[in-house]
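Each chain is listed here by its residues.
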Amino acid sequence: MTAEITNPLFSEEAIEIPLANAPLARVLAQVRFPEIQSIQEKSFVAPFQERIRKLYPRTATDTLNGFVIGSPQLVTTNIWRYLSGDAWRVSLSDSFMSLETTKYTSRKDFCERFLFLLEQLAEAIAPTHIDRVGIRYVDQVELEEDESMSGMLRQEMIGVKDVFGKTHHMISELEAPSREGGVLVRWGHMPASASHDPDVMSPISKPSWFLDVDSYIAHESDMVVFDAKAAAEATYSLATRAYTIFRWSVTDQFLDKYGRITK
């Protein structure tokens, strides 16, 4: 039996139980900083790309269009992408840098990779302050038609789906303070070929249950100086909080199904 977690938002961290077949769809960490308009220029971001291209050799560019409030002028924002195969992606815009993967192995490995990128960002781009740092874990469980998650989740996470029977979808959302900062948690059932957020969880051909935990520290109202090591350490703590929420949400039956590894 796993140890009882009384309040996953403020409790001590849960002991990590590796899963051989963890249903993680994606893990994403992001640091946000005050806008640096020069990042929109390829020549300005080239030194950053040069520092990381041995690990992330492929590049791509996404363009976002939007309007400034009170102005009819269309504003174009570039997001520079740096890729390692199809599993790891770094994104850089004028106000954030992120690292994401579909091949997550461990908290330690992921945060070490993020620290490397934060250090290169500090050297090549030199953000002055941090507005927000966060990490997001998205689990996606494939289900058969009308399959229940009963027994796999604690009762508070099941909701009313088993009471009402057949439903098209059901999504719950919680945003609350945590020991480190705050969390935004979304979970529920999706029909086949659907997703609550296609950018982080690709639709699959069968119905699914998902758990999406965003654990973060926001500094928008403060002036927190950019520090790569401190941001990476915060990310590790936030990842630990996200894992504690996951462990609180699922039962031993869930852990056994997805390959609990005992040491």
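Scroll up a little and you will see the structure.
Parameters at a glance
Residue numbers here run from 1 along each chain, matching the order of that chain's written sequence. Totals for whole chains, interfaces and linings use every residue, but because this is a predicted model, local features are given only for residues with pLDDT of at least 70 and side-chain atom pairs only at 80 or more, for both listing and counting. Side-chain measures were taken over the full set of non-hydrogen atoms in the model, leaving aside hydrogen atoms and water. Comment: elements are numbered from the N terminus, with helices defined as DSSP H or I runs of at least four residues and strands as E runs of at least two. A radius of gyration in this sense is built from C-alpha atoms; the matching globule rule multiplies 2.2 Å by the number of residues raised to 0.38. Categorising residues by exposure relies on relative accessible area from a 1.4 Å probe, with only protein chains included: less than 20% of the type maximum marks a residue as buried, more than 50% marks it as exposed, and the intermediate range marks it as partly exposed. Any two residues whose heavy atoms approach within 4.5 Å at even a single point are treated as in contact. Here a salt bridge means any side-chain nitrogen of Lys or Arg lying within 4 Å of a carboxyl oxygen belonging to Asp or Glu. What we call a nonpolar core is a set of buried Ala, Val, Leu, Ile, Met, Phe, Trp, Tyr and Cys residues that are connected through their side-chain atoms within 4.5 Å. In protein, a polar contact means a hydrogen-donor-capable atom and an acceptor-capable atom, both N or O and within 3.5 Å, with residues adjacent in sequence counting only if both atoms are side-chain atoms; elsewhere, any N or O pair within 3.5 Å suffices. With axes taken as lines fitted to C-alpha atoms, and helix axes fitted only over the stretch in contact, angles between N-to-C directions fall between 0 and 180 degrees. By definition in this entry, angles of less than 35 degrees are roughly parallel, angles greater than 145 are roughly antiparallel, angles of 65 to 115 are roughly perpendicular, and the rest are oblique. By the definition used in this description, the sense in which the near helix is turned from the far one sets the handedness, with an anticlockwise turn below a right angle giving left-handed and a clockwise turn giving right-handed. Two strands make a pair as long as DSSP finds a minimum of two bridges between them.

For the rest of this paragraph, the subject is the overall build of the protein. Scanning the protein from N- to C-terminus turns up six helices and eleven strands. Here the C-alpha atoms of the protein give a radius of gyration of 20 Å, agreeing with the 18 Å that 2.2 N^0.38 yields for 263 residues. Its C-alpha atoms give the protein principal-axis dimensions of roughly 55 × 45 × 35 Å. Classification of the 263 residues of the protein by burial places 48% in the buried group. For the protein, contacts bridging at least 24 residues in sequence account for 69% of all contacts bridging at least 6.

Once that is clear, we can look at the pattern of salt bridges. Inspection of the entire model under this criterion finds 19 salt bridges. Measuring nitrogen to oxygen at the nearest pair gives 2.9 Å for the salt bridge that ties Glu50 to Arg53. Across the pair Arg132 and Asp214 runs a salt bridge, and its minimum N-O distance is 3.0 Å. Of this pair, Arg132 sits in strand β7 (residues 132-142) while Asp214 sits in strand β10 (residues 208-218), placing them 82 residues apart in sequence. Residue classification places Arg132 among the buried positions, given a relative accessible area of 16%. Accessibility expressed as a relative area gives 15% for Asp214, which makes it buried. Each of Arg136, Arg186, Asp197 and Asp212 takes part in one network of salt bridges that share partners.

Okay, the nonpolar core next. If you look at the biggest cluster of nonpolar residues, it comprises 65 residues, and the most contacted ones within it are Phe48 and Met97. For this core, the element with the highest residue contribution is helix α5 (residues 228-249), accounting for eleven residues.

Of note, Arg81 is situated in strand β3 (residues 74-84). Among the polar contacts made by the side chain of Arg81, one reaches the side chain of Ser91 at a distance of 2.4 Å. Not counting residues up to four positions away in its chain, the partners in contact with Arg81 are Arg58, Thr59, Ala60, Asp62, Arg89, Val90 and Ser91.

Here we come to unusual backbone geometry. If you check the backbone angles, Ala126 has positive phi at about 60° while not being a glycine. Along the polypeptide, Ala126 turns up in the loop between α2 (107-124) and β6 (129-130). Its identity is not glycine, yet Ser193 carries a phi of approximately 65°, on the positive side. Note that Ser193 resides in the loop between β9 (182-190) and β10.

Packing of α2 against α5 leaves a shortest axis separation of 9 Å and a crossing angle of 150°. As summarised for this structure, α2 and α5 are arranged roughly antiparallel, according to the angle between their axes. For the crossing formed where α2 meets α5, the hand is right-handed. Facing Arg107, Lys108, Cys111, Phe114, Leu115, Leu118 and Glu119 of α2, the residues of α5 in contact are Ala228, Lys229, Ala231, Ala232, Thr235, Tyr236, Ala239, Thr240 and Tyr243.

The next thing to look at is the pairing of β7. The side chains of a regular strand alternate, residue by residue, between the two faces of the sheet. Across the eleven residues that make up β7, a large majority, ten, are buried. Examined bridge by bridge, strand β1 (residues 24-32) and β7 share eight bridges and lie antiparallel to one another. Bridge pairing links Val31 to Val133 in β7.

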